Amino acid sequence: MDEQRRQETIQRYSLAGRETEPSFDRVTQLATSIFDAPIALVTVLALERQLFRGACGLAGEGTPREVAFCEYAVRGTEVMVVEDAQADPRFANNPLVTGEPYIRFYAGAPVRVGENVAIGTLCVIDQEPRQNFSQEDRRRLEMLAATISDIIELRAGSLLAAERERDLKRQAHLLEGTVENVEQGIAVFGPDFRLVLWNERFFDLFDFPADLAIAGTPAEQLVSITAARGEMGPGRVEQVVGEFFEGARTTTNRRREIHRISGQVLDVWRNRMSDGNFILAASDVTAERELARTKDEFISTVNHELRTPLTSILGSLSLLKAGVGGELPPRADKLITMAHQNGQRLNALINDLLDIEKVATGGLQLNLVPLELGAVVQKAAEQNRGYADGFGVSLKADIPSEPLWVKGEESRLLQALANLISNAVKFSPDAGEVDLALAGNLSSARIAVIDRGPGIPDAFRAHLFERFAQANPNDARTKGTGLGLAITKALIELQGGRIDFTSELGHGTTFWIEMPRCKENEV
């Protein structure tokens, strides 16, 4: 038999100890009585020693394996009997025969466990030779050896069960500790909708009575308390509670808000697990909801109280500049021009704030249709050429003759290009050039906006597309809201494209937009 299997089995059954066990000792005591022998042993063949795990009539922990009679006994399938060790060439010179305990007679039955692996023996020993060990005696010794095997198997099962119980307790303590230390309120209910596990935060958030914080509390009792306060919406308590449990039985998960009578707002998430248990998790989102309300009020104020009158003011200033009210004195014309420019800057800031809010909340929805990108780039160049002229920068567009179709929304794509062009213009030197270059391959089209400015500092590159990011906020020429590139990135990604840049200090920067190509009539 494979010795490795024997040693693995001994380790798996925890039989490599050096002390005897009471249950094995009792079997050896019974064996000495049945066979009228002075010595009986339960032995285990460890790698280098024969271990005495049960003993009667012989002291000690074991012997070296090379002198063990057991070494021979485990090789066979039946009881091994040595009637006179001094007459047996295998054992005549064995130190256990020539010295203590002066073995003359030996009978050993293999002890087998697991996958019929012989790990040792039950043996009886006499210091006198015997010739009368009958077949019935052999059968009895085999039965006692089988009893030892049963004891080992039962003990292994008990050890495994105890280990599993310890593991479960460790896991339970770990789970309880984890649940107790999270910010959310957590409660786990069994398939019978009774409380299994919870933390104090859960009971605090819902203001449940402390005496209900015990295992076995029905979920219906807790839900009824919340429903009776009117915190789960209008309707009779029985109806509201019934709808809750109907949903818990028929749906895997659900998220809802509970508006408590105290003014708290709880975000409650329910999830049913595959084993039939379900979890309720609750978070206090009162502060977040108040912040969202304040932000909505601010956006509404910006939109209605600032943008509407500003549009009227800009319109009036434009009319005055156009001479509708008559020719203006030079000083007045200069003031009107300055007011108009500052109004346009304020209008751009308001539009950026509204756009970035839509991006952050997912409220920016685009209508994507096939666009011929060459026409869009040409229009962007025309719309922004006057702006570039104001900085003394020439704006050129290089557009291929081949049509390049992409799916996008023209107004938002023009907005993104305007942001990139204005940045390129602002960072260009006097009498500089900004180029728009369009190119395509089989799968995509790319627009490049190229300037010959100072380039982007290395330390700022990682933050370039963040909101309110500005490399040099004190430079009046390049000053802006710091939102343009964040908005541009969002607009391009919403149209299925991507944006990135290359830059070399002292030589300029190239921003590029890449979008997947489509067919002219693609829906």
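The structure this text deals with has already been given above.
Below: a short report on this structure.

What counts and what doesn't
- Residues numbered from 1 in each chain as written.
- Predicted model: local features only at pLDDT ≥ 70, side-chain atom pairs only at ≥ 80, totals over all residues.
- Heavy atoms only, no water.
- Helix = DSSP H or I, 4+ residues; strand = E, 2+ residues; numbered from the N terminus.
- Buried < 20%, exposed > 50% of the residue type's maximum accessible area, 1.4 Å probe, protein only.
- Contact = heavy atoms within 4.5 Å.
- Areas by Shrake-Rupley, 256 points an atom, 1.4 Å probe, with all protein chains shown as cover.
- Core = buried A, V, L, I, M, F, W, Y, C linked by side-chain atoms within 4.5 Å.
- Phe/Tyr/Trp six-rings, centres within 6.5 Å; stacked < 30°, edge-to-face > 60°.
- Polar contact = N/O pair within 3.5 Å; in protein donor to acceptor, adjacent residues only side chain to side chain.

For the rest of this paragraph, the subject is the overall build of the protein. A tally of regular secondary structure across the protein gives 13 helices and 18 strands. Looking at the protein residue by residue over its 523 residues, the buried ones come to 42%. In the protein, once contacts between residues fewer than 6 apart in sequence are set aside, the share between residues at least 24 apart is 59%. Working note: accessible area of the protein is about 28400 Å², and carbon and sulfur atoms make up 52% of it.

In this section: the nonpolar core. Generally speaking, a soluble globular protein has its nonpolar side chains buried in company with each other. Ranked by internal contacts, the top residues of the largest apolar core, which has 41 residues, are Leu373, Leu464 and Phe511. Those elements giving two or more residues to this core turn out to be α11 (373-390), α12 (410-426), β15 (433-440), β16 (444-451), α13 (484-494), β17 (498-504) and β18 (508-516). The dominant element in this core, judged by the number of residues it contributes, is α12, at eight residues. Listed in part, the 31 residues of the second largest apolar core include Phe24, Val42, Ala46 and Leu141.

Our focus in this paragraph is the packing of aromatic side chains. Here the structure, examined in full by the defined rule, presents 18 aromatic pairs. Each ring, one from Phe203 and one from Phe208, has its centre 5.8 Å from the other, and the planes form 75 degrees; the classification is edge-to-face. Here Phe203 and Phe208 have matching classes, each one buried. A centroid spacing of 5.2 Å and a plane angle of 5 degrees characterise the contact between Phe206 and Phe208, whose relative ring orientation is stacked.

Within the secondary structure, Glu71 sits in helix α3 (residues 70-73). Overall, Glu71 belongs to the buried group, its relative accessible area being 18%. A polar contact is formed between the side chain of Glu71 and the side chain of Arg65, at a distance of 2.6 Å.

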